[in-house]
Structures are given as structure tokens and as C-alpha cells.
Amino acid sequence: MDAVTKPKLKAKDYQSDIKPVWCRGCGAYSVIASITRALAELQLPREEVAFVSGIGCSSRIPAYASVYGFHGVHGRALPLATGLKIARPELTVLAAGGDGDGFSIGGNHFMHACRRNADITYIVMDNGVYGMTKGQASPTAAPDWTGSVLTPDGPGVPAFRPLEIALAAGASFVARSAANDPAQMKEQIVAAIRHPGFALIHVLCPCVTYRPEQQDEFKARAHADWQPTGDRGEAFNRALVDDGYTTGMLYIAPRPVYAAHPAAPATLDEIAAEFTVG
Amino acid sequence: MDHHSLSIALCGSGGAGVMTAGQMLLDAAATAGAYGLMSKALGPQIRGGEAAALLRLASRPVDSPDDVFDVLLAVDWNNIERFAAELPLQRHSLLIADPAAGVIPPAILKAEPRVVEVPLGALATACGGRVNMVALGLLATLAGLPVEAVEAVIGIELADKGEAAVASSRAAVLAGATAAATIEGIERLPLPATINEGARRWALSGNEASGLGALRAGVRFVAAYPITPATEILEWLAPRLPRVGGSLVQAEDELASINMIIGAAYGGVPSLTATSGPGLALMTEAIGLAVAAEIPLVICNVMRGGPSTGIPTKSEQADLDIALHGLHGDAPHLVTAAAGIADCAFTTQWTVQLAEALQVPGIVLSDQASGQARAIVDALPDPGLRARRQTAEADAEGYMRYVPTADGISPMAIPGTPGGEYTADGLEHAPRGTPSTQAAHHREQLDKRRHKLEQFDYGEDWALCEGDEWADTAVITFGSLTGAAREAVARLNAAGVPVRLLSLRLLAPAQPAAFAAALFGVERALVVEQNHDGQFLRYLRSTCPLPKRTVGHHRPGPVAIRPDEIVKAVMTLIALPQSTLVEEV
Ligand SMILES: Cc1ncc(C[n+]2csc(CCOP(=O)(O)OP(=O)(O)O)c2C)c(N)n1
Ligand code: SF4
């Protein structure tokens, strides 16, 4: 009955009235647009969705949606989302943030979230840079990227390969999209939310201010060549030869979802009585 | 000497089973209607190595070790001298040694105890039992426990080991009991003639008590990373939370565990984690988030020797500074301290209730001495304190998550509530929750978060005020030292020295007015704590009106601060000639 009487929610119903702090042209705009469209497609009640993030330009995103949000601390979006999902399994839980947030300071949680496979959709807006702190190299920056005075000779460390790590850590849903293709991104978000378990969407997400070359680079080089496979070996092989710009769903293979286990109920008095001695 | 208790150290190397025997002795005492406690002293080895079960059996509840051990029984001497400092003996102490175990270490003989040789190993071999069961029978008999009490415990403890094991253990216990009959000079405990079945005793550790308090308060989500000496809280909760509809997650680290409970608590579920110093240090950033975003949660911090990895298996009260002051920014939060083993239950339960009511994180301090010691206590009734959070109604018009209110507490919208959608934020925010850098908003929210803690009525439970209420001398302490301080005050009062005890349960926010009232008429105070620097004294000096003549008595672990040490320190403070009192005490 509700479905009939309640007006259908549109993408803009999932947008808040808060004006983003982002620079004009920042890839994050495309991400919030894709998320709100995906939520509209799924017609999820706003109060049943919780959107969690860390710290960074991209991590400001929950406030721009009209669902429940949590803008936490740097690098800890995934544990916060995990606790929420396990305690409140009926909620749809989204997590999002930057590549610094997710792969550097939050790298350990990223790996363990892939392993744990709680039912969370995680969107990483990768711009190869720390936007919020004004342009330092992130773990996905190329070793010879000399755009930051903090690492004048480049970071000198091979770039982090998030999709390979996700596969190795046991992620059950791995996809990549690009900010310049919001339709594809929306499809992926819809699929990720429907996917039971941890779903990673890696977004090529330009920082127009500190990586001005990215906008054209992503547009020119992104190629939507991945069709989902459930074969982990094949997914690895694809990820290994990936030039960093392939988009699409790389790997989808549901596996047991992490959740609380119920047990035979007991009253507090019964539990306390276990302390009785003699 | 306390004539209602008997302190026993049961020593032996890892495989000898002294911990099992100690635990069974404690349970047998409970079965016979006595009280007591037991802690463990272990060497640094992961398994095996030197070990001692440290017991105090008593005819009334005890919450502290006594000054010295009345009996030390060693089944062997494997490196025991390494913790000789934790095994204080005196001249009348009885030392029971197996002559076959070799030379008694000089460190143990220093106090000149009375040595009695018993061929423990040979007795065990003769009856086909184990040496630890011989020790059990011997010690139980010395304590005056009826042999039936020991047999009842054997029946329960060894039920799944088969009849042969039960029979050989019985034989070994009887051999020990027979050996004890020839030992004189140990006063048997006065035990009740009949045991009231309705008032059965409980045996529990402080860590288990913390778990119970959490469950009773309504905690239904726990995330944590194992750490000594806090892990037993988690191990106790893990199988029991699901039975009341909750769950426990073993997180990848403490950064994860604290953020997981923030997420669960934001979702409306009362949540808790347990850790020790190193873990608390990792959590501090996120505790600040919980302060700013007004998320209720509780961290049980079971203190061990610090800093850094310190002495993980030994007790200290040295995390007070980080618990009180370890957060960045102006971050008012709750800090409480459990006043002993059983009080871990009450204090944890109360702290959960306070945290939920105030939408603030709370740190409960206990320590290894309380957490890992096991006590026989009267059953702990449920004080009925429950987590109750002020929540927002569905579709409340113009809902603002952080709106300033008279008491500073704003209704919290729980995900799932239509119309309450907001973004919780560690960024400073306007009342709606939207980020703000405005001076007025910052001031308003800082005021609100401070005000809600300061206006709250914490009632009578903020401290324990005991002893002579007219006394002009006070002992002020917190946490696991409460038991030793209580005993010291009782001894002084019995000797005609007026002293009162103030043990603080609520450390932050400080309660200067209640503190002043509790110390009305007090002219001198001794502040007792177990850490090197006197952190508690420093804190009290900066927050509470202390009597002019206030002296600190503080020293680090792992050697416990015992009642006699406090008695002496009080007497020094009063500047009475010590000798006049020693006889009377
Ligand atoms: C514990 C901690 N360390 C450092 C910072 C500073 N800091 C804020 S955002 C950020 C990096 C952001 O980069 P990324 O996650 O890639 O997001 P972007 O801003 O590029 O969207 C850093 C280092 C912080 N807020 N907290
Ligand atoms: S600095 Fe870069 S990442 Fe940050 S808002 Fe601007 S464009 Fe986006």
C-alpha cells in the first residue's frame, strides 16, 4: 500500500540543501550525483540509509546527501561503517572517502574490510593526491610525480594498486568507474548496494586544483573494458595487466557475509547465575 | 594481622597445576561458606615458568591482599625468587617445602619463616595422584575447610576427566589433609556452622564483573582487540552477548574497535570496548570524535604497568593522566574508577548509564589487580541501572541534532527514524550538525558539551565515604586500592585512631562541592595511589579543595600496596609515635 501512496523519491530528494565545499569541476560532484541517482533507482527510504566517511575533500560527501550520515575521523570510515552495519543490519550502509583516507591512513582497515565482507558499499574517490591538505602525494601517486613540494623528487614509491590488494584480501565485489561517466558509476553503485557483502568501487576522480591534468587524462584514457567475472584468477590477471584506466566491474563472487550470530536466548539472571559457586 | 583471614601463596612451575589447585581451594572455601580472593603471579614465559596462586581466604568479604602471607607452599622452586618481592613473608609465616625440591631460595628465607618439610611429591606418587591435589588437601585442612567442601569441588571441576581422575584426586587430597594434621600453629578460619543455600556465593574476576555490568546496563555491541590484562572482559562477553541479542567483533586493531563502537552507538545500540594503556593511547583521537559528535560509549581500561609495553601482566594505576587528559582539544568526558573486584560490575553498569544519558564517552578505569583477581562475594544483585538515551521522535519539525538545551542534552535521531536524517560530525558544527568555523558556534557547542556534564546530578555513587565520619584525618584513593585503604582505615579505627576513607568512583568531571562536603572537618589527608608520579594527587590539587596538610603516598607496581603500608603512612602523617599503634592494630 505504501508503495502506491508514497510519491516516488527522485535523485534530488536524496540531496541535502548544503552547498558542497568542493572546487568547481571536482570529480566528487559526479559521485554525489551518481549516489543520489542510485538511491532513487533503488527507492531506499532515506532514513534506512547511513552514509559514513573519513576526512578529506571527498569525505565531506555524506553531508550533501539527505540520508543519515557520519563524517568521522581520517582513515576510519570503514570500521565505523562496520560497527554500524553489524549493530543495525537492516540499514543500507555506504562508506566513502579519498585514496589517502582509504589506502594510506586507513589501509589496514581497507584490507580487513575486504576480508571481513560485511555488507557495506565502499566508494573511493581516487585523485592520486591529498586535496584537503593542499596537494601532497597520495599512495596512488606515481613514484615520479613531482607536483608536491613535500616530495620534490616524487614520492619514489611504486603506486598502491587498490584492486589487486582488494582481490588478494578477499573482496567479493570489485569495480572501477570514472567521474566522467556518471551513468556507469550509478549502475555500479546500484549493483554494489544489491551485492551481499563488501563492495569496492574505485573511482577515477579528478582533483582539478592539485592534479589539473587529470580531467583530460581520465576522459581520454578511461576505457570501459571490464565485464564482471566470478573467476578470481581471471580477475587477478586482468588487474595485473590493467593500465590503471580500465573501468567496469572487475570481479563479483558472493561469499559468506559477516554478521552477528544469534545464540539461544538467556535472561540476565540466568547469565548471572553462572557465577554461583558451591 | 587480620585474624579473620588466612593468606596463602601456592607456588610451583607452570606444569605443576598450582593455579588449578588455587582455584579449587578458593571454590572450596566458598562452598564452606567462606569468602576470599585469588590472584596470579606469573613469570614472563608464555607457557610454563614460575607461577604462584596468591590466595586470601576469609570469614568475611575481602577486597585486598593482606600484609604478608601466612603460608607459602612450594611444590618446587623454579625461579620463584624472581617475584619474591610479591610474596612478603614474616617470621611467623609457615613455609611448606618438599625436601625433594632442593634448596629453598635465600630470597624466600630472608624473612626467617618457619620451615616445615612435607614430601609432597612422594605423597602424590604413593597414592597415584598429582602433587597439586596433595597441596590442595593440605592447605584446605590448614584453613579449616571441611574435606567435603574440597570433594564437592573436585566432583564439579574434574567431572569431565573421568572417574579415575576424580578418585586419584580424592586420594591425593586426603594424603594432603593427613599431612596437614601434624602441622601446628595455624589458626583455622571461623566458618559458619550451616550454609544458607539461598544465599549462595559468587566467584568472579573483576573483568568478568565488568562484563556483567555491561550486559546489565544494556550494552549490546562490543568491538575490541585483545590486550593483557583486559582480554577476559571480551572473552566473557563474546559467548554471552549473542544470548541477549548482541554481538562482539574482534577488530583488526584499537583504531578499528573504537570506531566500530562509535558506529554501533550512532546506530542506537549501547556499545563498549575494553583495552589497556597501549590500546587506550591508540583510541584517543576517536574518543575525541565521540565527544564532538556526542556519541555515548564506554571504554573499560584495565591498567597495567606502563609506559609503553611496560609490565603487561602486573598492576598499576598509571593511566589516570591519559584517561583524564589524553584527548585533544577541550573534550569533556567521563572517567570513572571501579573500587575493587565486585565494584567493576557496578561501576561499569553505572558508567554505561551515565554515558548514554549524557551522550558522551566514558572511560572506566580498573587494573590488573582487580581485573584478573577472582573473588568470592555475596551474589551481586542487579542495581537496575539501564542505558536510556534521549532520542528524537519521528518527523520532529525542524529537527536539530545539536540544539543547545537547558541541560545541554539534545535528542539524538537514531538511523531508521524518518525526518531525523542528519550528519554526525567531528567538525565543529552549527546546531543542525552542519560544519561551521564560526566563533559563536564553536563557543556554543563547547559550552553545551561542558555544561551537560557539569549540570548533571551524579547522586550518591560518585564516591565511597566510609570509616569514622567525625575523623579529622582522611585516606583518599581510587580504584583497586580501595580494599587495602578500607582495611587500613578499619584497623586504625579499631585502634582508636579516627580516620575516614574517601574513594572516588567519579573522577571526571571532578565534583569539588561533593568532595568538600565529604571531607568536612578533615584537617589532614593521605592520597594513596599506585603509580610513580602521583597523578591522582596532582589531579586533585588542580580540581578539588584538599585539606591543607595533604600528603601523597604513591609508588609504582608491581608490588601491591597493602593495608599495613597505608596504616604506617597515615600514622606518619598524624605524627603519632608509630610504636604505640603497632601493638594495638
Ligand atoms: C590523523 C590525521 N592526520 C592527518 C590529517 C590531515 N589530513 C586531512 S585530509 C588528508 C588527506 C586527504 O586526502 P584524501 O583522503 O585522498 O582525500 P581528498 O582530500 O584528496 O579528497 C590529510 C592528510 C587529519 N585530518 N587527521
Ligand atoms: S582540492 Fe581537489 S579534491 Fe579537493 S575539492 Fe578541490 S578539486 Fe576536489
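Thresholds, definitions, all that
- Residues numbered from 1 in each chain as written.
- Chains lettered and ligands numbered in written order.
- Predicted model: local features only at pLDDT ≥ 70, side-chain atom pairs only at ≥ 80, totals over all residues.
- Heavy atoms only, no water.
- Helix = DSSP H or I, 4+ residues; strand = E, 2+ residues; numbered from the N terminus.
- Rg over C-alpha atoms; globule rule 2.2 N^0.38 Å.
- Buried < 20%, exposed > 50% of the residue type's maximum accessible area, 1.4 Å probe, protein only.
- Contact = heavy atoms within 4.5 Å.
- Lys, Arg positive; Asp, Glu negative; His and termini not counted.
- Charge placed at Lys NZ, Arg CZ, Asp CG, Glu CD.
- Pairing = 2+ DSSP bridges.
- Near = heavy atom within 4 Å.
- Polar contact = N/O pair within 3.5 Å; in protein donor to acceptor, adjacent residues only side chain to side chain.
- Areas by Shrake-Rupley, 256 points an atom, 1.4 Å probe, with all protein chains shown as cover.
- Nonpolar A, V, L, I, M, F, W, Y, C, P; charged D, E, K, R; others polar.
- Expected span 1.5 Å × (residues − 1).
- Core = buried A, V, L, I, M, F, W, Y, C linked by side-chain atoms within 4.5 Å.
- Buried area = accessible area lost by both parts, 1.4 Å probe.
- Salt bridge = Lys/Arg side-chain N within 4 Å of Asp/Glu carboxyl O.
- Axes fitted to C-alpha atoms, helices over the stretch in contact; angles between N-to-C directions.
- UniProt positions renumbered as here; feature names shortened; annotations may be inferred.
- Parallel < 35°, antiparallel > 145°, perpendicular 65-115°, else oblique.

Chain B appears in an unreviewed UniProt entry as 2-oxoglutarate ferredoxin oxidoreductase subunit alpha from Plasticicumulans acidivorans.

Looking up chain A in an unreviewed UniProt entry gives the name 2-oxoglutarate ferredoxin oxidoreductase subunit beta, with the organism given as Plasticicumulans acidivorans.

(A) Local environment of the overall build of chain A. Within chain A, the secondary structure is distributed over 10 helices and 11 strands. Scaling as 2.2 N^0.38, a compact globule of 278 residues should have a C-alpha radius of gyration of about 19 Å, and chain A matches this with 20 Å. Along the three orthogonal principal directions, the C-alpha set of chain A runs to about 70 × 55 × 35 Å. Here chain A holds 278 residues, and 57% of them are scored as buried. Partitioning the contacts of chain A with sequence separation of at least 6, the portion at a separation of at least 24 is 67%. Taking the 25 positively charged and 27 negatively charged side chains of chain A as two groups, their mean positions are separated by 5 Å.

(B) Here's a closer look at the overall build of chain B. Secondary structure summary: chain B contains 19 helices and 21 strands in total. The C-alpha radius of gyration computed for chain B amounts to 26 Å, which stays within 12% of the reference 25 Å derived for 585 residues, consistent with globular compactness. With the C-alpha coordinates of chain B rotated into their principal frame, the extents come out at 80 × 60 × 45 Å. Looking at the 585 residues of chain B, the share that counts as buried comes to 60%.

(C) Representation of the pairing of strand β2 (residues 68-71) of chain A. In β2 of chain A, alternate side chains face the same way, and those of Y68 and F70 of chain A on one face and G69 and H71 of chain A on the other are all buried. Two strands pair when backbone bridges link them, and strand β1 (residues 49-53) of chain A and β2 of chain A are joined in this way by four bridges, in the parallel orientation. Directly across from S53 of chain A, in β2 of chain A, lies its bridge partner H71 of chain A. Two elements, β2 of chain A and strand β15 (residues 423-425) of chain B, share three bridges in a ladder whose sense is parallel. The partner of F70 of chain A across the bridge, within β15 of chain B, is A424 of chain B.

(D) Structural detail: the site of ligand 1. The environment of ligand 1 is made up of 17 residues, and the closest members are C57, S58, G100, D101 and G131 of chain A. Each of chains A and B places residues next to ligand 1. One of the side-chain nitrogen or oxygen atoms of D99 of chain A is found 3.1 Å away from an oxygen atom of ligand 1. Backbone polar atom of M132 of chain A to an oxygen atom of ligand 1: 2.9 Å apart, as the coordinates give it. Starting from 590 Å² of accessible surface for ligand 1 in isolation, the protein chains cover 76%. Broken down by element, the shell around ligand 1 gets its largest block of residues, four residues, from helix α4 (residues 99-105) of chain A. In terms of residue class, the shell around ligand 1 is made up of six nonpolar, eight polar and three charged.

(E) Representation of helix α1 (residues 18-31) of chain B in the model. Residue and element names in this part refer to chain B. End to end, α1 covers 20 Å across 14 residues, agreeing with the expected 20 Å (1.5 Å per residue, within 8%). With 13 of 14 residues buried, α1 lies mostly within the body of the structure. With its phi angle positive at about 95°, G33 sits one or two positions after the end of α1.

(F) Looking closely at the nonpolar core. By size, the foremost hydrophobic cluster in this structure holds 154 residues, and its most contacted members are F70 of chain A together with F221, I262, I295, I476, L507 and F515 of chain B. Ignoring sequence-local partners within four residues, the contact set of F70 of chain A consists of F51, V52, S53, P62 and L80 of chain A together with I262, Y266, L289, A293, I295, T423 and A424 of chain B. Counting 54 residues, the second largest nonpolar core, distinct from the first, contains V277 of chain A together with A143, L158 and I186 of chain B.

(G) Molecular detail of the interface of chain A and chain B. Opposite the 47 residues of chain A that make contact, chain B presents 60 residues. Carbon and sulfur atoms make up 63% of the area that chain A and chain B hide from each other, which totals about 4,400 Å². Our count for the chain A to chain B interface comes out at three salt bridges. With its nearest N and O atoms 2.6 Å apart, the salt bridge here joins E274 of chain A to R240 of chain B. Contributions of two or more residues to the side of chain A that touches chain B are made by β2, α3 (77-87), α5 (107-116), α10 (268-273) and β11 (276-277) of chain A. Considering each element in turn, the side of chain A that touches chain B owes the most residues, seven residues, to α3 of chain A. When its residues are assigned to classes, the side of chain A that touches chain B shows 25 nonpolar, 13 polar and nine charged.

(H) Expanded view of the side chain of T246 of chain A. Tracing the chain through its elements places T246 of chain A in strand β10 (residues 246-252). Engagement of the side chain of T246 of chain A in a polar contact is seen with the side chain of D242 of chain A, the distance being 2.7 Å.

(I) Layout of the sheet that holds strand β13 (residues 361-367) of chain B. All names here are of chain B. The strand order β9-β8-β10-β11-β13-β12-β19 describes an open sheet built from seven strands, whose pairing is mixed. Every other strand in the sheet has two partners, leaving β9 (247-250) and β19 (506-508) as the edge strands with one partner each. Put simply, the sheet's adjacent strands are angled 20° from each other on average, direction ignored. Bridge count between strand β12 (residues 334-337) and β19: two bridges; the pairing is antiparallel. The residue bridging V335 from the neighbouring strand is A508, located in β19.

(J) Structural detail: the UniProt feature "domain: Thiamine pyrophosphate enzyme TPP-binding" (unreviewed entry) in chain A. If you check UniProt for "domain: Thiamine pyrophosphate enzyme TPP-binding" (unreviewed entry), the listed places come out as residues 55-203 of chain A in our numbering. The distance from the first to the last C-alpha atom of residues 55-203 of chain A is 17 Å, and the span holds 33% helix and 22% strand.

(K) Up close: the sheet that holds strand β4 (residues 120-126) of chain A. With respect to topology, nine strands assemble into an open sheet ordered β9(A)-β10(A)-β7(A)-β8(A)-β4(A)-β3(A)-β1(A)-β2(A)-β15(B), the strand pairing being mixed. Edge strands, defined here as strands with exactly one partner in the open sheet, are β9 (223-226) of chain A together with β15 of chain B. Sheet twist, expressed as the average angle between the axes of neighbouring strands with direction ignored, equals 15°. The pairing of strand β7 (residues 173-178) of chain A with strand β8 (residues 199-204) of chain A spans six bridges and is classified as parallel. Bridge pairing links A178 of chain A to L204 of chain A in β8 of chain A.

(L) Structural detail: the side chain of N301 of chain B. All names here are of chain B. In this fold, N301 is placed in strand β11 (residues 297-303). On the basis of relative accessibility, which here comes to 0%, the residue N301 falls in the buried class. When residues no more than four places from it in sequence are discounted, the contact partners of N301 are T275, S276, G277, L280, D319, I363, V364, L365 and S366.

(M) Spatial organisation of the pairing of strand β14 (residues 374-378) of chain B. All names here are of chain B. For β14, the tally of buried residues reaches four of five residues, placing the bulk of the element in the interior. Summarising the sheet, strand β2 (residues 35-42) and β14 pair through three bridges and their orientation is antiparallel. What sits directly across from L37, in β14, is A375. Where strand β7 (residues 201-205) and β14 come together, five bridges link them in antiparallel fashion. Within β14, the residue paired with W202 across the bridge is V377.

(N) Representation of the packing of helix α3 (residues 120-127) of chain B against helix α4 (residues 131-143) of chain B within the structure. Residue and element names in this part refer to chain B. Here α3 crosses α4 at 110°, and the two axes come no closer than 8 Å. Compared by their axis directions, α3 and α4 come out roughly perpendicular. For the pair α3 and α4, the contacting residues are L120, G121, L123 and A124 in the first and V131, V134 and L138 in the second. Considered class by class, the residues forming the contact of α3 with α4 number six nonpolar, one polar and no charged.

(O) Main features of the pattern of salt bridges. Tallied over the full model, the rule gives 33 salt bridges over all chains. Across the salt bridge formed by R88 of chain A and E90 of chain A, the nearest N and O atoms sit 2.7 Å from each other. Judged by relative accessible area, R88 of chain A falls into the buried class, the value being 12%. Here K186 of chain A and E187 of chain A are joined by a salt bridge, their closest N and O atoms 3.2 Å apart. Residue class for K186 of chain A comes out buried when judged on its relative accessible area of 18%. Using a relative accessible area of 41% as the deciding quantity, one classes E187 of chain A as partly exposed. By sharing partners, the salt bridges in this structure join R56, D66, D67, E487 and R491 of chain B into a single network.

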